[in-house]
Amino acid sequence: MGVSTEWRDIKYREIFEQEIRGLTRRRQHDNNCKIEDLEGILNNLYIMEGADQDGRGSLQDTIMSATIAAYEHFISQLKKEEAEKAK
């Protein structure tokens with residue numbers, strides 16, 4: 001009998017969308033929020049992801065993966081927008 005992993009997909013989408021909403025709000029309301037700031041947070045997330053000596057477990061791994069993916073996606077979109085504006 002297989003173990004259902006559908007909960008991971010649901011949790012991943014939930015966290016990803018939550019992070020994107022939070023990042024969008026932050027950019028809208030904080031004029032000092034720069035791409036470099038977000039890249040700094042992303043770098044710290046990479047460090048936290050790699051510092052998993054004791055094992056976070058499936059739930060926390062899913063949350064970390066979704067959070068990192070949201071930051072990567074959001075930063076990529078911002079860079080595209082800035083490149084379009086520069087044209």
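Residues numbered from 1 in each chain as written. Predicted model: local features only at pLDDT ≥ 70, side-chain atom pairs only at ≥ 80, totals over all residues. Heavy atoms only, no water.

> Can you explain the environment of Glu72? Please cite residues and give values.
Checked against the element boundaries, Glu72 lands in helix H3 (residues 58-86). For Glu72, a relative accessible area of 36% gives the class partly exposed. On a C-alpha basis, the gap between Glu72 and Leu38 in space is 9.2 Å, while along the polypeptide they are 34 residues apart. Each residue touching Glu72, except ones within four places of it in the same chain, is listed here: Leu42 and Tyr46. (Helix = DSSP H or I, 4+ residues; strand = E, 2+ residues; numbered from the N terminus. Buried < 20%, exposed > 50% of the residue type's maximum accessible area, 1.4 Å probe, protein only. Contact = heavy atoms within 4.5 Å.)

> Give me the nonpolar core: which residues, what numbers.
Within soluble globular proteins, side chains that are nonpolar generally end up buried alongside one another. Among the nonpolar cores identified, the biggest contains 14 residues, and Leu38, Tyr71 and Phe74 are the most heavily contacted of them. Ranked by residues supplied to this core, first place goes to H3 with seven residues. Discounting chain neighbours no more than four positions away, the residues touching Phe74 are Ile20, Leu23, Thr24, Arg27 and Leu38. (Core = buried A, V, L, I, M, F, W, Y, C linked by side-chain atoms within 4.5 Å.)

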